[in-house]
There are 2 protein chains.
Amino acid sequence: MAKLFDKVVIVGIGHIGASLARVIKRDGLADRLVTLESNPEHRAVAVELGIVDAATGIVADAIQDADLVVLATPVGTFADLTAEIAPHLKNGAIVSDVGSVKMAVLRDVGPLLPAGVHFVPGHPIAGTEHSGPTAGFPELFQGRWCILTPPAGTDEGAIKKMVALWEAAGSTVEIMEASYHDQVLAITSHLPHLIAYTIVGTATDLETSLQQEVVKFSASGFRDFTRIAASDPVMWRDIFLNNREAVLEVLQRFTEDLTALQRAIRWGEGDKLEELFSRTRAIRRSIIDARQA
Amino acid sequence: MAKLFDKVVIVGIGHIGASLARVIKRDGLADRLVTLESNPEHRAVAVELGIVDAATGIVADAIQDADLVVLATPVGTFADLTAEIAPHLKNGAIVSDVGSVKMAVLRDVGPLLPAGVHFVPGHPIAGTEHSGPTAGFPELFQGRWCILTPPAGTDEGAIKKMVALWEAAGSTVEIMEASYHDQVLAITSHLPHLIAYTIVGTATDLETSLQQEVVKFSASGFRDFTRIAASDPVMWRDIFLNNREAVLEVLQRFTEDLTALQRAIRWGEGDKLEELFSRTRAIRRSIIDARQA
């Protein structure tokens with residue numbers, strides 16, 4: 001790959017930030033790669049692992065001369081972060097992010113950026129349940145989607161550079177309206193996580209003896225939920241707080257459907273159960289056909 | 001392994017039946033292995049694959065002289081099946097099953113068995129989302145649990161033989177009260193399946209364009225639910241109808257917890273969300289420590 005940027009700054013060197021940093025290093029996409037990171041331990045790990053050229057907690061040092069700044073902290077931090085970063089951004093710099101919600105990012109980041117800075121919000125649909133800089137690996141984005149939600153009128157050259165970056169990471173890029181992104185992700189990601197957190201929480205409230213059995217016999221279905229429910233707590237808190245309307249809307253639909261099933265079980269309506277259970281099989285086949293399984 | 005039985009009959013040569021048959025063949029656990037199967041195609045496949053020595057749809061032919069009869073059809077069929085089978089069972093024969101609920105099996109099968117026949121209900125905690133005889137493989141039970149729920153007073157020799165059979169399959173056997181089994185499985189297996197079926201059902205009701213996006217971006221969480229929601233519809237219909245009380249009880253707890261989370265999202269109570277999301281991480285670690293991940 002040819003170089004895309006002179007200087008790139010990744011703000012927050014966690015699971016996603018470290019994975020993206022490794023891509024940039026691997027492919028030589030930037031002359032200089034710096035992380036702005038508030039946690040000194042993570043800074044030390046990032047430098048030691050050679051993920052970045054330099055790690056600093058000082059905003060001005062990091063942001064100065066940057067061609068690209070990628071926010072990779074929990075989305076709840078974006079407003080304050082942007083206020084700190086904005087005065088140091090050079091004319092023509094690109095600001096992007098990897099947050100799982102996009103309307104809130106447009107709201108929190110966009111208005112604080114100086115004129116002449118290009119804003120290209122992004123969301124790589126990738127990740128594991130692991131956290132921190134040591135959990136980063138460059139193949140994380142390979143074969144995955146990356147959604148970009150640039151506001152109307154965004155500089156085409158800036159969008160093209162972000163597309164090139166994510167394509168170098170092995171992702172297929174899709175440009176989308178931020179509000180549509182939030183609606184789609186509410187059902188594909190936020191609701192599944194909310195439900196997984198809930199069911200695992202329900203299990204942790206059981207009496208101790210029963211809880212041990214749950215762990216023991218978790219392979220019968222429960223286990224699949226615990227992986228999701230082990231995702232980063234602060235990141236997910238911020239996602240739910242920042243995609244409230246879309247999550248509550250889809251949660252309402254889910255609750256209605258669950259109540260209907262509950263009623264079918266109570267009244268022994270086997271035909272209704274079988275009809276639904278047959279219908280859901282088809283979606284699995286679509287996912288396998290779409291090579292997302 | 002030494003031979004355990006002269007003649008074994010597996011009733012229903014689906015995913016689990018075929019997997020157990022392959023274990024019995026592999027280890028020479030029976031002189032003669034027959035399947036009683038109502039579906040002529042499955043009979044043909046089972047014989048062609050060499051999973052069994054013979055396949056028949058005629059009850060008397062199959063059951064005659066059997067030392068062990070394992071019911072491996074959906075649990076809703078057990079009452080009628082047992083009524084047909086019972087007259088042909090020889091004195092000293094063992095009847096077992098692989099059903100995912102156990103109180104209903106005690107209720108439906110036990111009273112119909114003649115005196116002198118030993119009843120050792122069982123439940124291997126194993127399976128995939130695939131169905132049918134071609135989906136069977138002998139390693140399915142390797143490293144998994146198998147729960148036996150023999151009623152009080154069951155012949156010790158019969159229990160020992162069933163333990164030996166499942167240990168040959170690579171499973172660890174646990175003896176448990178049927179009612180406790182149903183309570184544990186309601187949370188570890190039945191509720192997760194119900195919720196997975198519901199969320200995938202909710203997605204299938206979305207407008208077509210949004211549904212395509214759900215498939216496309218399913219890797220962000222949704223995908224993990226679709227595997228479970230692709231499980232056999234009739235088998236799962238019967239499980240919910242036959243473990244009604246335990247499922248409704250745990251579903252009630254789940255719904256309360258979900259409502260509390262919904263409220264926390266609506267009112268922006270980030271601390272409550274973070275507290276729960278941190279707690280659920282611990283259960284994942286327990287499962288990894290228990291080598292069930």
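Higher on the page you've got the structure.
Because the structure is a prediction, the values reported are computed rather than measured.

What counts and what doesn't
Residues numbered from 1 in each chain as written. Chains lettered and ligands numbered in written order. Predicted model: local features only at pLDDT ≥ 70, side-chain atom pairs only at ≥ 80, totals over all residues. Helix = DSSP H or I, 4+ residues; strand = E, 2+ residues; numbered from the N terminus. Buried ≥ 20, exposed ≤ 12 C-beta atoms within 10 Å, placed from the backbone. Contact = placed C-beta atoms within 7 Å. Pairing = 2+ DSSP bridges. Axes fitted to C-alpha atoms, helices over the stretch in contact; angles between N-to-C directions. Nonpolar A, V, L, I, M, F, W, Y, C, P; charged D, E, K, R; others polar.

(A) The environment of A:Ala186, seen in detail. Residues and elements named next belong to chain A. Relative to the helices and strands, Ala-186 is located in helix α7 (residues 178-204). Ala-186 sits in the buried class, given 24 other C-beta atoms within 10 Å. In sequence terms Ala-186 and Thr-259 are 73 residues apart; their C-alpha atoms lie 20 Å from each other. Sequence-distant contacts of Ala-186, defined by excluding residues within four places in its chain, comprise Leu-191, Asn-243, Ala-246, Val-247 and Val-250.

(B) Region of interest: the sheet that holds strand β5 (residues 94-97) of chain A. All names here are of chain A. Strand order in this open sheet of six strands is β3-β2-β1-β4-β5-β6, and the pairing throughout is parallel. Each having just a single partner strand, β3 (54-56) and β6 (118-120) make up the two edges of the open sheet. Strand-to-strand, the axes of this sheet are offset by a mean angle of 20 degrees, without reference to chain direction. Where strand β1 (residues 5-11) and strand β2 (residues 30-36) come together, six bridges link them in parallel fashion. For Lys-7, the partnering residue across the bridge sits in β2 and is Arg-32.

(C) Representation of the interface of chain A and chain B in the model. Chain A puts 76 residues into the contact, and the matching count from chain B is 76 residues. Counting only elements with at least two residues in the side of chain A that touches chain B, the list comes to α7, α8 (208-216), α9 (222-228), α10 (233-242), α11 (244-266) and α12 (270-289) of chain A. Looking at the side of chain A that touches chain B element by element, the count peaks at 18 residues for α7(A). Looking at the side of chain A that touches chain B residue by residue, the classes come out as 43 nonpolar, 18 polar and 15 charged.

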